[in-house]
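This is what each chain is made of:
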Amino acid sequence: NASELRKCADQFHDLIRDLQVNKISHCDLQHDNIRVTTQGELRLIDYDDMCVPGLEGQAAGGVGLPPYQHRDRSSSNFLSFSVDNFSAIFIYLVLRAVAADPSIWRKYVIDRKYDKLLIQGDDFLDTTSGLFFDLANSSDSDVRRIANRLIEFYYGAYDSIPSLES
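One structure accompanies this document, and this report is about it. As the structure is a computational prediction, the values presented were derived from the model and not from experiment.

1. Quick look at the pattern of salt bridges
Where charged atoms from two side chains of opposite charge approach closely, those side chains can pair. One pass over the structure, following the stated rule, counts twelve salt bridges. Among the ionic pairs, aspartate 10 bridges to arginine 6, the shortest N-O distance being 3.5 Å. One end of the pair is aspartate 10 and the other is arginine 6, both in helix H1 (residues 2-21) and four residues apart, which spans about a single turn. Given a relative accessible area of 33%, aspartate 10 falls into the partly exposed group. The salt bridge partner of arginine 96 is aspartate 140, with a shortest N-O separation of 2.8 Å. Here arginine 96 is found in helix H2 (residues 85-100), whereas its partner aspartate 140 is found in the loop between helix H4 (130-136) and helix H5 (141-155), with 44 residues between them in sequence. Look at the salt bridges and you will find they share partners, linking Arg96, Asp140, Asp142 and Arg145 into a network.

Following this line, the structure appears as structure tokens:
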């Protein structure tokens, strides 16, 4: 249901804002680490590589799950409170995009037998066709804007990605 997905996107946005306000980075935001409770609330799980005050600047133990991560994220990166920025924008975009056009889920996940959220790493290689073309033509102007920004962030500097709130 599109309105439920939009509500979920809004809840995800609030969840990410709460993490940032409390100086917490999950460091592995992806579909398997987000749960929806029976009350419809989002919960994060699997905090094995999180960043909290006191850990900032430490060596990162993991790199997160592609394609949810920026192309330059690696084990040589350090923990920071901005580690989740790319993946938060990625997930928020997917939720908003599917809410705006549920048929893209069938086209890019079910029909491709894909086991992650909508965007594959290869989708970043040709952003003028396929999925990013469909996102650029979304009925939701925010989806169009965020999709363009996600491409810019993917090819931009890892440490310059703004927060989802920004």
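2. Some remarks on the packing of aromatic side chains
Taken as a whole, this structure holds seven aromatic pairs when the rule is applied. Judged by centre distance (5.2 Å) and plane angle (45°), the ring pair of phenylalanine 124 and phenylalanine 132 falls under tilted. Like phenylalanine 124, the residue phenylalanine 132 is buried in the burial classification. Taking the centre distance of 3.9 Å and the plane angle of 10° together, the rings of phenylalanine 124 and tyrosine 154 count as stacked. Of the two residues, phenylalanine 124 is situated in the loop between helix H3 (103-110) and H4 and tyrosine 154 in helix H5; the sequence distance between them amounts to 30 residues. Just as phenylalanine 124 is buried, tyrosine 154 falls in that class too. Following the ring pairs from residue to residue traces out a cluster consisting of Tyr68, Phe86, Phe90, Phe124, Phe132, Tyr154 and Tyr155.

3. Some thoughts on the layout of surface pockets
One number sums up the size of the largest pocket: a volume of about 220 Å³. Surrounding the largest pocket, 13 residues form its lining, Arg145, Ile146, Ser163, Leu164 and Ser166 being those nearest its centre. Listed by contribution, the elements that provide at least two residues to the lining of the largest pocket are H2 and H5. Broken down by element, the lining of the largest pocket gets its largest block of residues, five residues, from H5.

Cut-offs and rules
Starting afresh in each chain, residues are numbered from 1 along the sequence in its written order. Selection of residues for local features in this predicted model requires a pLDDT of at least 70, selection of side-chain atom pairs for listing and counting requires 80 or more, and totals for whole chains, interfaces and linings are taken over all residues. No hydrogens and no water enter the side-chain calculation; it runs on all heavy atoms of the structure. In what follows, salt bridge is the name for a side-chain nitrogen of Lys or Arg lying within 4 Å of a carboxyl oxygen of Asp or Glu. Where helices and strands are cited, they refer to DSSP runs of H or I of at least four residues and of E of at least two residues respectively, numbered from the N terminus. A simple rule labels every residue: compare its accessible area, found with a 1.4 Å probe on the protein chains alone, to the largest value its type can have, and call it buried under 20%, exposed over 50%, or partly exposed in between. Any two of the Phe, Tyr and Trp rings considered here, Trp counted by its six-membered ring, make a pair once their centres fall within 6.5 Å; the pair's planes then place it as stacked at under 30 degrees, edge-to-face at over 60, or tilted in between. A 1.4 Å probe that fits but cannot get out identifies a cavity on a 1 Å grid over protein atoms alone, an open set with protein on both sides within 12 Å along at least five of seven lines counts as a pocket, and a residue lines either if it has an atom within 4 Å of a point. Grid points are joined across faces, edges and corners, and a volume is the space filled by probe spheres set on the points.

Read these as spatial facts, not as claims about activity.
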